[in-house]
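Notes for the structure review
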Amino acid sequence: MSGPMHDFTRGAYEDRYRSSAALWSGRPNAQLVAEAADLAPGTALDVGCGEGADALWLAERGWRVTGVDFADTALARAAGYAEERGPEVAARVCWEQADLTAWTPPASAFDLVSAHFFHLPGDQRRGVFGRLADAVAPGGTLLIVGHSAMDLHASMHRPDIPGMFWTAEEIADSLDADRWNMLVAEARPRPGRDPEGRELTLHDAVLRACRRR
């Protein structure tokens, strides 16, 4: 699909997934690799897992992963990719269909909670991110990554909806400083290409925090 997406409903995402045999690259998100490669495997929650690249990257490294998304087409595709990786990897991933704006994950249940490029209006965002933080086990890691508003008017065709964007510092400020150690809160540059294939520098809002024991 060309141009920015402005409809973020479940139906719109189903249509988007059905429009292509593979909507995403199949590679794990760069900031997950950068921030989670040094973590000891445990239980992980992959929020908005899409076609499953992040969940499968974790599972291949020994994590037991719950991948959650509201698009059935994406989840079916992710499960198929898991089977292609072999029974050991497939057995480490559980796929769950849920609307994350209404779903509450189990409290203190995951050693890693990871959400990448999950953008919502402010009131919904604060509620969802608060529930995700509550799902992190003591000693566990919260990793939230988003598109930075610094790229809002770049040639990447970001949707012109400023209220959907946030900073890592905003998320950090919403966490209880008595319960969390802030490890990363920044707009991190990375190389990329726009839809026309031109090279450019993108910026990811990266929040990594560790829940105190």
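Residues numbered from 1 in each chain as written. Predicted model: local features only at pLDDT ≥ 70, side-chain atom pairs only at ≥ 80, totals over all residues. Heavy atoms only, no water.

Let us now look at the overall build of the chain. Within the chain, the regular secondary structure consists of seven helices and seven strands. Of the regular secondary structure in the chain, the N- to C-terminal order runs α-α-β-α-β-α-α-β-β-α-β-α-β-β. Classification of the 213 residues of the chain by burial places 49% in the buried group. In the chain, once contacts between residues fewer than 6 apart in sequence are set aside, the share between residues at least 24 apart is 71%. Surface accessibility of the chain: about 10,200 Å² in total, with carbon and sulfur atoms responsible for 51%. (Helix = DSSP H or I, 4+ residues; strand = E, 2+ residues; numbered from the N terminus. Buried < 20%, exposed > 50% of the residue type's maximum accessible area, 1.4 Å probe, protein only. Contact = heavy atoms within 4.5 Å. Areas by Shrake-Rupley, 256 points an atom, 1.4 Å probe, with all protein chains shown as cover.)

Right, let's talk about unusual backbone geometry for a bit. One non-glycine residue, Ser 108, lies in positive phi territory at about 55°. By secondary structure assignment, the location of Ser 108 is in the loop between β3 (93-97) and β4 (110-116).

Another point: the packing of aromatic side chains. Applying the stated criterion to the full structure yields one aromatic pair. Measuring from ring centre to ring centre gives 5.6 Å for Phe 129 and Trp 166, while their planes differ by 85°; the resulting arrangement is edge-to-face. A residue pair is termed long-range when its members are at least 10 positions apart, and Phe 129 in helix α6 (residues 122-134) and Trp 166 in the loop between β5 (136-147) and α7 (168-174) qualify at 37 residues. Here Trp 166 falls in the buried class, since its relative accessible area comes to 3%. (Phe/Tyr/Trp six-rings, centres within 6.5 Å; stacked < 30°, edge-to-face > 60°.)

Here the focus is the nonpolar core. Counting 28 residues, the largest nonpolar core has Leu 45, Val 113, Phe 129, Leu 132, Leu 142 and Leu 207 as the members making the most contacts within it. At the level of elements, β1 (43-47), β4, α6, β5, α7 and β7 (199-211) are the ones that each hand at least two residues to this core. Examining the composition of this core, we find that four residues originate from one element, α6, more than from any other. Discounting residues that sit within four places of it in the chain, Leu 45 has contacts with Thr 66, Val 68, Trp 103, Pro 105, Phe 110, Leu 112, Val 113, Ser 114 and Leu 132. Counting 20 residues, the second-largest nonpolar core is a separate cluster that includes Ala 59, Val 65, Ala 82 and Val 93. (Core = buried A, V, L, I, M, F, W, Y, C linked by side-chain atoms within 4.5 Å.)

Next up on the list: the confidence of the model for the chain. When pLDDT is averaged across the chain, the result is 88; 85% of the residues are at 70 or more. Under a pLDDT of 50 for its full length, residues 1-6 has, in the predicted model, 13 contacts with residues more than four places off or in other chains. (pLDDT = per-residue confidence, 0-100.)

Residue position: Arg 61 is located in the loop between α3 (53-60) and β2 (64-69). Sequence separation between Arg 61 and Leu 39 is 22 residues; the distance between their C-alpha atoms is 10.0 Å.

Of note, Val 128 is situated in helix α6. Judged by its relative accessible area of 2%, Val 128 falls in the buried class. Expressed as a C-alpha distance, the spacing of Val 128 and Thr 104, which sit 24 residues apart in the sequence, is 8.3 Å. Residues within four places of Val 128 in sequence aside, it is in contact with Leu 100, Thr 101, Phe 118 and Leu 120.

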